[in-house]
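# Examining the three-dimensional arrangement
What follows is the residue order along each chain.
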Amino acid sequence: MAYTRTEFSDQIGTITLTHSQKRNALNRELLKEVVASLHDLENRKARVVIIRAEKGSKVWSAGHDISERPMPGRDPLGYDDPLELAIRTIERLGAPVIALLEGTVWGGACELAFTCDILIGTPDVTFAITPAKIGVPYNPTGVLHFMSLAGMSVIKEMFFTAQPISAERASDVGIVNHIVPADQIEEYTYTMARQIAQNSPLSISVIKEQIRMLGKAHPLSPETFERIQGLRRKVYDSADYREGPAAFLEKRRPRFTGE
Ligand code: LCV
């Protein structure tokens, strides 16, 4: 595995993101490795899975790999996007998934972390929802993920400013379950994992699936869905969608025109 490391002991699986030189940017291969490891750990009857970066990381993940975003005019976060597949795999895994968070979390990596069932972070962890900074429309399931985790006004502020929020704020608004000092977070996380592993895996998997299905009970009329898709197409067909990633790759501030 080039971008991750997977370990398994005491019925607990650990997937570590190891793509440090690119700040764990979520490229296609890294995401495929995460999905493969989740399925492998499920086959090995893991009762809990922990997803983390290397110990002491300053960046948990820099989000979607901007150099891989689809060309202008293509949906940047379609149903089959590797990030969406990883997110659905975490959601549907029978075992609870704990995000052990050290460092900053950006863009699509926020959705990956927020999809985990329990979030445990160090005091230096921050979260930045960045589509507006990149010129990307995001997607309905992703927006729902964020909406299900924190109040509308908090999520709107995070989307509109694209600025990081602190660990304390993330904890205050209920995004993070626990903030734990860096020198204690591993023991804290694995103690919780062992507590979960002692309980009935069948009961836990059914409760997790019930919460997933009931949490998604948002009836969307076909008209509403088509209107959302039409609005998103306006963005990813726009000049701003071309400008955002170009500015990032050229390491300069983007000049958005709203067209
Ligand atoms: C590719 C990268 C990335 C990266 N992709 O290190 O949610 S959406 O809709 O917005 C979605 C489209 C999405 O998730 O977009 C990505 C949003 N992410 C961000 O805006 C964060 C972009 N990255 C940064 O701001 C910085 O890299 C941080 C603050 C994360 C780390 O800064 P630091 O100074 O420690 P560098 O910026 O020097 O990055 C180290 C290497 O990682 C690459 C970056 O291009 C650089 O590569 P080179 O050494 O080859 O120049 N890198 C960082 N983020 N998202 N590549």
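Predicted model, so just to flag it, every value in this text is computed and none were measured. (Residues numbered from 1 in each chain as written. Predicted model: local features only at pLDDT ≥ 70, side-chain atom pairs only at ≥ 80, totals over all residues. Heavy atoms only, no water.)

Glancing now at the packing of aromatic side chains. If you walk through the whole model with that rule in mind, you get five aromatic pairs. Here phenylalanine 146 and phenylalanine 159 contribute two aromatic rings whose centre-to-centre distance is 5.4 Å and whose plane-to-plane angle is 90 degrees, an arrangement assigned as edge-to-face. Highlighted residues: phenylalanine 146 in helix α5 (residues 140–149) and phenylalanine 159 in helix α6 (residues 152–161), separated in sequence by 13 residues. There is no split in this pair, since phenylalanine 146 and phenylalanine 159 are both buried. Taken together, the aromatic side chains of Phe114, Phe127, Tyr138, Phe146 and Phe159 make up a single cluster linked through ring pairs. The aromatic ring of tyrosine 79 is capped on one face by arginine 88, whose charged end is 3.6 Å from the ring centroid. (Phe/Tyr/Trp six-rings, centres within 6.5 Å; stacked < 30°, edge-to-face > 60°. Helix = DSSP H or I, 4+ residues; strand = E, 2+ residues; numbered from the N terminus. Buried < 20%, exposed > 50% of the residue type's maximum accessible area, 1.4 Å probe, protein only. Lys NZ or Arg CZ within 6 Å of the ring centre and 35° of its normal.)

Turning our eyes to something else, we now look at the packing of helix α1 (residues 28–43) against helix α2 (residues 82–92). Where α1 contacts α2, the two axes come as close as 9 Å, and the packing angle between them is 20 degrees. Put simply, α1 runs roughly parallel to α2. Seen along the crossing, α1 lies across α2 with a hand that is left-handed. Contacts from Arg28, Leu31, Val35, Leu38 and His39 in α1 reach Pro82, Leu83, Leu85, Ala86, Thr89 and Ile90 in α2. Here the residues of the contact of α1 with α2 are counted per class, giving eight nonpolar, two polar and one charged. (Axes fitted to C-alpha atoms, helices over the stretch in contact; angles between N-to-C directions. Parallel < 35°, antiparallel > 145°, perpendicular 65-115°, else oblique. Left-handed = near helix turned anticlockwise from the far one by under 90°. Contact = heavy atoms within 4.5 Å. Nonpolar A, V, L, I, M, F, W, Y, C, P; charged D, E, K, R; others polar.)

As a further point, take the sheet that holds strand β5 (residues 97–101). Note on sheets: strands pair through backbone hydrogen bonds, and any given pair is parallel or antiparallel. Spatially, the six strands line up as an open sheet ordered β1-β2-β3-β5-β7-β9, and their pairing is mixed. Both outer strands of the open sheet, β1 (4–9) and β9 (178–179), are each paired with one neighbouring strand and no more. Relative to strand β7 (residues 118–121), β5 runs parallel, the two being bridged by four bridges. Bridge pairing in β7 places alanine 99 opposite leucine 119. (Pairing = 2+ DSSP bridges.)

An ideal rise of 1.5 Å per residue puts 18 Å on 13 residues; helix α8 (residues 185–197) measures up with 18 Å between its terminal C-alpha atoms. By the burial criterion, the buried members of α8 are Ile185, Thr189, Tyr190, Met192, Ala193, Ile196 and Ala197. Seen along its axis, α8 keeps its buried residues to an arc of 155 degrees; they face one direction. Buried residues along α8 sit against β2 (12–17), β3 (48–53), β5, β7, β9 and α9 (201–215). (Expected span 1.5 Å × (residues − 1). Arc of directions from axis to C-beta.)

Take the pattern of salt bridges next. Proximity of charged atoms lets side chains of opposite charge pair with each other. As enumerated under the stated definition, the model contains 15 salt bridges in all. Between glutamate 7 and arginine 5 there is a salt bridge, with the nearest N and O atoms lying 3.8 Å from each other. Judged by its relative accessible area of 33%, arginine 5 falls in the partly exposed class. The closest approach of N and O atoms between arginine 44 and aspartate 40, which form a salt bridge, is 3.4 Å. Using a relative accessible area of 34% as the deciding quantity, one classes aspartate 40 as partly exposed. (Salt bridge = Lys/Arg side-chain N within 4 Å of Asp/Glu carboxyl O.)

A word on the packing of α5 against α6. Across the interface, α5 lies against α6 with an axial gap of 8 Å and an inter-helix angle of 130 degrees. Considering the angle they form, α5 stands oblique to α6. Once α5 is placed against α6, the crossing between them reads as right-handed. Residues Val143, Phe146 and Met147 of α5 form the contact with α6, whose own contacting residues are Met152, Ile155 and Phe159. Within the contact of α5 with α6, the residues separate by chemical class into six nonpolar, no polar and no charged.

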